[in-house]
Amino acid sequence: DVKVTQSSRYLVKRTGEKVFLECVQDMDHENMFWYRQDPGLGLRLIYFSYDVKMKEKGDIPEGYSVSREKKERFSLILESASTNQTSMYLCASHGYESAGAQETQYFGPGTRLLVL
Amino acid sequence: AQSVAQPEDQVNVAEGNPLTVKCTYSVSGNPYLFWYVQYPNRGLQFLLKYITGDNLVKGSYGFEAEFNKSQTSFHLKKPSALVSDSALYFCAVREDGGATNKLIFGTGTLLAVQP
């Protein structure tokens with residue numbers, strides 16, 4: 001029944017490492033999103049994609065890049081991890097979960113990343 | 001620019017009492033308004049949304065929200081709180097006609113329901 005999955009729940013990386021966060025959805029949605037969540041700041045949009053190979057910067061894209069080679073998969077890349085990228089990362093896709101369901105964003109369980 | 005504000009970092013309520021979690025918004029056009037809930041170490045779950053129509057919207061788990069255009073508010077309510085309602089609640093807004101379906105989220109309100 002899981003609709004949006006993320007590759008890792010917890011991740012520990014060293015400063016300077018390249019980090020890949022993967023997100024997969026099985027609802028055939030076109031729009032996908034990456035957010036980071038920090039206490040007191042809510043969710044902030046990093047990047048979003050409205051179709052395969054199409055992407056747009058969100059509010060805080062610095063230090064991140066994304067890849068959308070297939071409709072179901074949206075990857076977030078930290079080119080050179082830094083300690084200020086320690087955060088909870090949430091992936092979402094927009095659309096209908098199933099016939100008769102509400103049109104909204106559906107979220108994955110999140111990846112808690114610690115950069116040492 | 002669109003924005004939402006959740007003025008309370010935390011709301012405390014006793015089990016069985018009514019609860020309200022506040023949200024105000026700012027958009028230039030017609031708003032699409034959402035409430036999500038996040039349980040510990042989980043992603044966000046959709047509760048309800050307002051697009052148009054009745055100002056009182058009913059959602060999951062017995063929650064409802066009241067849209068008030070004159071006060072630009074969309075407060076989340078429940079008549080009788082449960083301990084299991086304790087979680088982080090987010091309000092979000094999307095401007096009508098937004099082609100990308102981007103949402104702007106508030107900073108979240110932690111709801112603590114005491115037994």
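A. Geometry of the interface of chain B and chain A. Contacts between chain B and chain A engage 19 residues on the former and 23 residues on the latter. Roughly 1,700 Å² is buried in total at the junction of chain B and chain A, and carbon and sulfur atoms are behind 54% of that figure. Per-residue buried area on chain B facing chain A is highest for B:Asn41, B:Asn101 and B:Phe105; these three make up 27% of the total on that side. In this structure, the connection of chain B to chain A is made through zero salt bridges. Inspection of the region where chain B meets chain A yields nine residue pairs in polar contact (both at pLDDT 80 or more). Secondary structure elements with two or more residues in the side of chain B that touches chain A: strand S5 (31-38), strand S6 (44-50) and strand S10 (87-95) of chain B. Looking at side-chain class alone, the side of chain B that touches chain A contains eight nonpolar, seven polar and four charged residues.

B. Region of the structure containing empty space enclosed by the protein. For the coordinates displayed, the defined rule picks out one cavity of 30 Å³ or more. Of the pockets and cavities examined, the largest cavity occupies roughly 30 Å³. Forming the boundary of the largest cavity are A:Arg9, A:Tyr10, A:Met88, A:Pro109, A:Gly110, A:Arg112 and B:Asn41. Here the residues of the lining of the largest cavity are counted per class, giving three nonpolar, two polar and two charged.

C. Up close: the sheet that holds strand S1 (residues 4-6) of chain A. All names here are of chain A. Read across the open sheet, the four strands follow the order S1-S3-S8-S7; overall the sheet is antiparallel. Looking along the sheet, the strands with just one partner apiece sit at the ends: S1 and strand S7 (64-70). Going across the sheet, the axis of each strand differs from the next one's by a mean of 20°, ignoring polarity.

D. Quick look at the pattern of salt bridges. Tallying each qualifying case throughout the model produces nine salt bridges over all chains. Across the pair A:Lys18 and A:Glu79 runs a salt bridge whose closest N-O atoms are separated by 3.6 Å. Highlighted residues: A:Lys18 in the loop between strand S2 (10-13) and strand S3 (19-25) and A:Glu79 in the loop between strand S8 (73-78) and strand S9 (87-96), separated in sequence by 61 residues. When its relative accessible area of 43% is taken as the criterion, A:Glu79 is described as partly exposed. Residue B:Asp85 pairs with B:Lys78 through a salt bridge whose shortest N-O separation is 2.8 Å. Of the two residues examined, B:Asp85 and B:Lys78, each falls in the buried class. Overlapping salt bridges bring together A:Arg36, A:Asp38 and A:Arg44 as one network.

E. How the structure looks around the state of the cysteines. Going through the model one piece at a time under the given rule, you end up with two disulfides over all chains. Disulfide pairing places A:Cys23 opposite A:Cys91 at an S-S distance of 1.9 Å. Here the S-S torsion is close to -75°, and the disulfide linking A:Cys23 with A:Cys91 is therefore left-handed. Linking A:Cys23 in strand S3 with A:Cys91 in strand S9, this pair joins segments that are 68 residues apart in sequence. Relative accessible area serves as the criterion here: at 0%, A:Cys23 is assigned to the buried category. Disulfide pairing places B:Cys23 opposite B:Cys91 at an S-S distance of 2.0 Å. Its S-S torsion of approximately -60° makes the covalent link between B:Cys23 and B:Cys91 left-handed. Linking B:Cys23 in the loop between strand S3 (19-21) and strand S4 (24-26) with B:Cys91 in strand S10, this pair joins segments that are 68 residues apart in sequence. Taken as a pair, B:Cys23 and B:Cys91 share a single burial class, namely buried.

Reading the values: the criteria
Residues numbered from 1 in each chain as written. Chains lettered and ligands numbered in written order. Predicted model: local features only at pLDDT ≥ 70, side-chain atom pairs only at ≥ 80, totals over all residues. Heavy atoms only, no water. Contact = heavy atoms within 4.5 Å. Buried area = accessible area lost by both parts, 1.4 Å probe. Salt bridge = Lys/Arg side-chain N within 4 Å of Asp/Glu carboxyl O. Polar contact = N/O pair within 3.5 Å; in protein donor to acceptor, adjacent residues only side chain to side chain. Helix = DSSP H or I, 4+ residues; strand = E, 2+ residues; numbered from the N terminus. Nonpolar A, V, L, I, M, F, W, Y, C, P; charged D, E, K, R; others polar. 1 Å grid on protein atoms, 1.4 Å probe; cavity = no way out; pocket = protein on both sides within 12 Å on 5 of 7 lines; lining within 4 Å. Points joined across faces, edges and corners; volume = space filled by probe spheres on them. Pairing = 2+ DSSP bridges. Axes fitted to C-alpha atoms, helices over the stretch in contact; angles between N-to-C directions. Buried < 20%, exposed > 50% of the residue type's maximum accessible area, 1.4 Å probe, protein only. Disulfide = S-S within 2.5 Å.

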